Amino acid sequence: MAKQRQSNVERLEAAGVLDSTSLSPAQKNTINTLTDAEVQHLISTRQKVGDYSEGAHPGGRPWIL
Amino acid sequence: MGAVASARALDSPTAALGSSARLRLTIQLAEPRLNQLSRRFWTHPELRRIFPEYLLTLYASMRTTVPLLEAAADRARAMADTDPLAAALHPYFVQHAREELHHDDWLLEDMALLGIDPAAARARPAPADVAQMIGAQYYWMLYAHPVAVLGSFAVLEGSPPEVEVLDQVVARTGLPKAALRTLYKHAQLDPYHRDDLDHVLDTLPLAPEHQALLGLSALHVVDQLIGILERLTAPNDTSET
């Protein structure tokens, strides 16, 4: 029997990008519409930064247009 | 495992997320590290020392905004006869180019207060990380679709500095408040621009491939900003990498 393909939510949770228990059904559905390229990018970004904590309120980004 | 995107950040209760919500959700999944670095930047113990390099790097990006929008408008106009999305985008690009006009000049005036010669700032080659961030937008605009530019703007205008944080920076570093004038102005302006962009995204005829392009563009900008902030906040080294 063919192995069932993982959903985007499952792949991203396995990579430490998200915690699915904090997501609404609509958010999960939306994440499952992301393309492979988007998902790979999110996983790659997560892998590059290693362990980190969200920490304090960022105060906005030091970037503007 | 480190922290992951949490319910605090992902709090939309809507049953079916629209285009702007899809893009914002994608950005939120990518931005914990960017948020951490933003905090590190604002509270950096040597912020006064790294501030001129920060403004020069920011200028290298801001000076491209209007030309990028004008190029996107030209590209959208050229595609408009056969592409309803391009036709719908053109007015936004034209209007937003007007709204962004001379913001880079404001920043030059701020930098002059810190002793940075505007002519030298203009002549300085852009750091490679900024060129990579902006250059990708031209690629996608020309070889995919100009809607890609909106993905970058969703990040770049999506979370401007907060006035309270800027006040703290001035108090802690002794930098003249006038040298942060452009940052203060954008603390007020960019939330409106962000809302305008979300409204545009939710009214555009976006196909799935356009949504994916928006996401890729935004994720690329998040990655580049992470690299820029890592460079600026690196210990005892503000040089370009």
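What counts, and at which threshold
Residues numbered from 1 in each chain as written. Chains lettered and ligands numbered in written order. Predicted model: local features only at pLDDT ≥ 70, side-chain atom pairs only at ≥ 80, totals over all residues. Helix = DSSP H or I, 4+ residues; strand = E, 2+ residues; numbered from the N terminus. Buried ≥ 20, exposed ≤ 12 C-beta atoms within 10 Å, placed from the backbone. Rg over C-alpha atoms; globule rule 2.2 N^0.38 Å. Contact = placed C-beta atoms within 7 Å. Arc of directions from axis to C-beta. pLDDT = per-residue confidence, 0-100. Axes fitted to C-alpha atoms, helices over the stretch in contact; angles between N-to-C directions. Parallel < 35°, antiparallel > 145°, perpendicular 65-115°, else oblique. Left-handed = near helix turned anticlockwise from the far one by under 90°. Expected span 1.5 Å × (residues − 1). Core = buried A, V, L, I, M, F, W, Y, C linked by C-beta atoms within 7 Å. Nonpolar A, V, L, I, M, F, W, Y, C, P; charged D, E, K, R; others polar.

### Here we look at the overall build of chain A
Along chain A, the regular secondary structure elements total 3 helices and 0 strands. Starting at the N terminus, the α and β elements of chain A follow one another as α-α-α. Residues counted as buried form 38% of the 65 residues belonging to chain A.

### Points about the overall build of chain B
The helix and strand tally for chain B stands at 12 helices and 0 strands. When its helices and strands are written in sequence order, chain B yields α-α-α-α-α-α-α-α-α-α-α-α. Taking 241 residues into account, the globule formula puts the C-alpha radius of gyration at 18 Å, and chain B, at 18 Å, falls close to it. Along the first, second and third principal axes, the C-alpha set of chain B runs to 55 × 45 × 30 Å. Burial statistics for chain B: of 241 residues in total, 47% are counted as buried.

### Quick look at the environment of Leu107(B)
By the secondary structure assignment, Leu107(B) is in helix H6 (residues 103-113). Excluding residues within four positions of it along the chain, Leu107(B) makes contact with Leu55(B), Leu58(B), Tyr59(B), Met62(B) and Thr182(B).

### Overview of H6(B)
Residues and elements named next belong to chain B. Three or more residues of H6 are buried, namely Asp104, Leu107, Leu108, Asp110 and Met111. Along the axis of H6, the buried positions cluster into a sector of 160°, meaning they face one direction only. Looking at the buried side of H6, the elements it contacts are helix H3 (47-62), helix H7 (118-123) and helix H11 (181-203).

### A word on the confidence of the model for chain B
Residues and elements named next belong to chain B. For chain B, per-residue confidence averages 92 on the pLDDT scale, and 91% of positions sit at 70 or higher. Between residues 1-14, whose pLDDT stays under 50, and residues either more than four places distant or in other chains, the model counts 37 contacts. Confidence estimates for the predicted assembly give a pTM of 0.90 and an ipTM of 0.89.

### Considering the packing of helix H9 (residues 148-156) of chain B against helix H12 (residues 208-233) of chain B
Residue and element names in this part refer to chain B. Running from N to C, H9 and H12 point in directions that differ by 40°, and their axes come no closer than 7 Å. With respect to their mutual orientation, H9 and H12 come out oblique. Relative to H12, the crossing made by H9 is right-handed. Across the interface between the two elements, Ala148, Leu150, Gly151, Ser152, Ala154, Val155 and Leu156 from H9 touch Leu213, Leu214, Gly215, Leu216, Ser217, Ala218, Val221 and Val222 from H12.

### Structural notes on unusual backbone geometry
It is generally the case that most residues other than glycine have a negative phi and that most peptide bonds are trans. All names here are of chain B. Of note in the backbone geometry, histidine 102 takes a positive phi value of approximately 75° without being a glycine. Along the chain, histidine 102 falls in the loop between helix H5 (84-100) and H6. Histidine 102 gets classed as exposed once you count the C-beta atoms within 10 Å, which come to 10.

### Looking at helix H1 (residues 19-30) of chain B
Here H1(B) contains 12 residues, and its C-alpha end-to-end distance of 17 Å stays within 8% of the 16 Å for a straight helix at 1.5 Å per residue. Burial of H1(B) is extensive: 10 of the 12 residues sit out of reach of the surface. Tucked inside the fold, the buried residues of H1(B) contact helix H1 (8-14), helix H2 (25-31) and helix H3 (36-49) of chain A together with H9, H11 and H12 of chain B.

### Thoughts on the confidence of the model for chain A
Averaged over all residues, the pLDDT of chain A is 88; the fraction at 70 or higher stands at 86%. When the elements of chain A are averaged for pLDDT, H3(A) gives the smallest value, 90, and H1(A) the largest, 97.

### Quick word on the nonpolar core
Residue and element names in this part refer to chain B. Ranked by size, the top nonpolar core spans 78 residues in total, and within it Tyr59, Ala218 and Val222 carry the most contacts. At 13 residues, the largest contribution of residues to this core is made by H12. Ignoring anything within four residues of it in the chain, the contact list for alanine 218 reads Leu23, Thr26, Ile27, Gly151, Ser152, Ala154 and Val155.

### Observations concerning the packing of H3(B) against H6(B)
All names here are of chain B. Between H3 and H6, whose axes approach to 9 Å, the crossing angle comes to 165°. Of the possible angle classes, the one that applies to H3 and H6 is roughly antiparallel. As for how H3 packs across H6, the hand of that crossing is left-handed. Together, Leu55, Leu58, Tyr59 and Met62 of H3 and His103, Asp104, Leu107, Leu108, Asp110 and Met111 of H6 make up the contact between the two elements. Residue composition of the contact of H3 with H6, by class: 7 nonpolar, 1 polar and 2 charged.

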